[in-house]
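# Observations on chain architecture
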Amino acid sequence: MSGPSPQHGGGGGLGRRAWIAASAMACLVPPSRAQTARHLTFLVPQPAGNPGDVFARKLQAPMQRALGQAIVVENLPGAGGSIGLQRMLNAPADGATVAVVSQTEPILTPLSLASARYRPEQMRMIGLLGRTSYVLAGRPDMPAKTHAQLLDLARQAGAAGRPLTFGHIGQGSMIHLMGAQWARLCGVPLVHVPYRGVPPLAQDLMGSQIDLSFVPLGGSVLGMLEAGHLRAFGSTAAQTPALLPQAAPLGQQSAALKGFEHTAWGALLLPRKTPEAAVLRLHQAFGAAMRDAEVQSFLRANGTEPQEPLPLDALDRFYAAEIQIHQALARTVGVLPE
């Protein structure tokens, strides 16, 4: 029985049989788009320079090595990060588009923004970078130098009809919720001022355009705090941060703030309907990147304690618990109805 001869079979029977076997396997096991695409996309729903963007770019090289595939970082900010996440959810769920997020974009934004038409449960966490605490920071020329003095100043300003201004990165964002909770627990009024990201917020705070904000303890903000360009009144950590010893935990400075502990986390998300093989491939590559010594030292230098890579079932439990915790926080400060 004769058949078509392959063009590159080496001319012998073994070459022809190998070609037939390879052709059959190609028909039986079509490769996923994520494996055949020229590149993967790290979709960052934050502006360039924000923590998520910085971490995405640091993961880029080691994950490329682990995957043997190029990774492109694309920033798509706006609407509390919902534009970027909706783009990921609308793309084919094949592992070729990965979102690099904090808890704000997948969990908090849908609670306060009607146009965010997704639920956090539609996504799955495949990697957890670690946690970063926040610092309650004030403009450098603020008369108050301690947290107690800040509370006195805030109450006096409110009584005079000129409440202090507080910058955040969007209605319902983690920074907004922390500011609202701090003000409620301490009994002080604030005027909220939204920004499109942490960098412009920090610049205006440093330039005394606004009075206060909670800023992540890392990146360029850490340098501003260390140099005195921002005034630190305390941290949201359980213990005094080693990177900024002057930022004692707020929960230790005021009885009203006992238990006031918050951290930001960075994570990689995929649509929950992504096939398990694609999820596992990216999860394994993320684990390899997180064991890279340069990544570990970079995270620590930027105020993030690296997270030991977790198995997928542990990440599922962590993400489900975080959804509950942050929805409860949003409900407490009035973003989510009772």
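For the structure, see preceding data.
So, here's what we can say about the structure.

Cut-offs applied
Residues numbered from 1 in each chain as written. Predicted model: local features only at pLDDT ≥ 70, side-chain atom pairs only at ≥ 80, totals over all residues. Heavy atoms only, no water. Helix = DSSP H or I, 4+ residues; strand = E, 2+ residues; numbered from the N terminus. Buried < 20%, exposed > 50% of the residue type's maximum accessible area, 1.4 Å probe, protein only. Contact = heavy atoms within 4.5 Å. Areas by Shrake-Rupley, 256 points an atom, 1.4 Å probe, with all protein chains shown as cover. Core = buried A, V, L, I, M, F, W, Y, C linked by side-chain atoms within 4.5 Å. Domains from an automatic or database assignment. Right-handed = clockwise from strand over helix to strand, strands pointing away. Pairing = 2+ DSSP bridges. Polar contact = N/O pair within 3.5 Å; in protein donor to acceptor, adjacent residues only side chain to side chain. Phe/Tyr/Trp six-rings, centres within 6.5 Å; stacked < 30°, edge-to-face > 60°. Axes fitted to C-alpha atoms, helices over the stretch in contact; angles between N-to-C directions. Left-handed = near helix turned anticlockwise from the far one by under 90°. Nonpolar A, V, L, I, M, F, W, Y, C, P; charged D, E, K, R; others polar.

Bringing the overall build of the protein chain into the picture now. A tally of regular secondary structure across the protein chain gives 12 helices and 10 strands. Buried residues in the protein chain amount to 50% of all 338 residues. Relative to all contacts within the protein chain whose residues are 6 or more apart in sequence, the contacts with residues 24 or more apart total 74%. Put simply, the protein chain shows about 15,300 Å² of open surface, and 55% of that area lies on carbon and sulfur atoms.

Moving on to the nonpolar core. Grouped together as the largest cluster of nonpolar side chains are 50 residues, with contacts concentrated most on Leu150, Trp182, Leu212, Phe214 and Leu225. In terms of residue count, the dominant contributor to this core is helix H7 (residues 174-186) (8 residues). Each of domain 1 (40-131 + 263-333) and domain 2 (133-257) contributes no fewer than three residues to this core. The residues contacting Trp182, other than those within four sequence positions of it, are Leu136, His147, Leu150, Leu151, Val188, Leu190, Leu212, Phe214, Leu257 and Phe260.

Consecutive side chains of a regular strand alternate in pointing toward one face of the sheet and then the other. Burial of strand S1 (residues 39-44) is extensive: 5 of the 6 residues sit out of reach of the surface. With helix H3 (residues 51-67) bridging S1 and the parallel strand S2 (residues 70-75), this β-α-β connection has right-handed handedness. Here 3 bridges tie S1 to strand S3 (residues 97-101), and the two strands are oriented parallel to one another. For Phe42, the partnering residue across the bridge sits in S3 and is Val98.

Right, let's talk about the environment of Glu276 for a bit. Here Glu276 lies in helix H10 (residues 276-290). Sequence spacing of Glu276 and Gly95 is 181 residues, and the spatial spacing of their C-alpha atoms is 9.5 Å. Setting aside residues no more than four positions away along its own chain, Glu276 makes contact with Arg124 and Leu312. A polar atom in the side chain of Glu276 sits 3.0 Å from the side chain of Arg124.

Take the packing of aromatic side chains next. Tallied over the full model, the rule gives 4 aromatic pairs. Ring centres of Phe55 and Phe298 lie 6.5 Å apart, and the angle between their planes is 90 degrees; this geometry places the pair in the edge-to-face category. You can see Phe55 sitting in helix H3 and its partner Phe298 sitting in helix H11 (residues 293-301), a full 243 residues away along the chain. When the ring of Phe214 is compared with that of Phe260, the centres are 5.9 Å apart and the planes differ by 35 degrees; the resulting orientation is tilted. With a gap of 46 residues between them, Phe214 in strand S7 (residues 212-216) and Phe260 in the loop between strand S8 (231-235) and strand S9 (263-271) connect regions that are remote in the sequence. The buried category is assigned to Phe214, whose relative accessible area is 0%.

Let's shift gears to H11. For the α-helix, the turn length of 3.6 residues means that residues three or four positions removed from each other point alike. Measuring from the side-chain oxygen of the N-cap residue of H11 to the backbone nitrogen of Glu294 gives 2.8 Å; that N-cap residue is Asp292. Of the residues flanking the end of H11, it is Gly303, one or two places downstream, whose phi is positive at about 80 degrees.

Another aspect to go through is the pairing of S8. Counting buried residues along S8, 5 of its 5 residues qualify, which places the element largely inside the surrounding structure. Sheet topology places strand S4 (residues 123-138) next to S8; 4 bridges connect them, and they run antiparallel. Paired with Ala137 across the two strands is Ala232, which belongs to S8.

Mapped onto the secondary structure, Arg184 falls in helix H7. Residues Arg184 and Val333, 149 residues apart in the sequence, show an inter-C-alpha distance of 7.9 Å.

What follows is about the side chain of Gln103. By the secondary structure assignment, Gln103 is in the loop between S3 and helix H5 (104-112). According to the relative accessible area criterion, Gln103 is buried, its value standing at 0%. Those residues in contact with Gln103, other than ones at most four positions away along the chain, are Leu108, Met174, Thr263, Ala264, Trp265 and His326.

The subject of this paragraph is the packing of H5 against helix H12 (residues 312-332). Two elements in contact, H5 and H12, have axes separated by 10 Å at closest approach and are oriented at 35 degrees. H12 is crossed by H5, and the crossing has right-handed handedness. Where H5 abuts H12, its residues Pro106, Ile107, Leu108 and Leu111 lie against Tyr319, Glu322, Ile323, His326, Gln327 and Ala330. Each residue belonging to the contact of H5 with H12 can be placed in one class, and the counts come to 7 nonpolar, 2 polar and 1 charged.

Read these as spatial facts, not as claims about activity.
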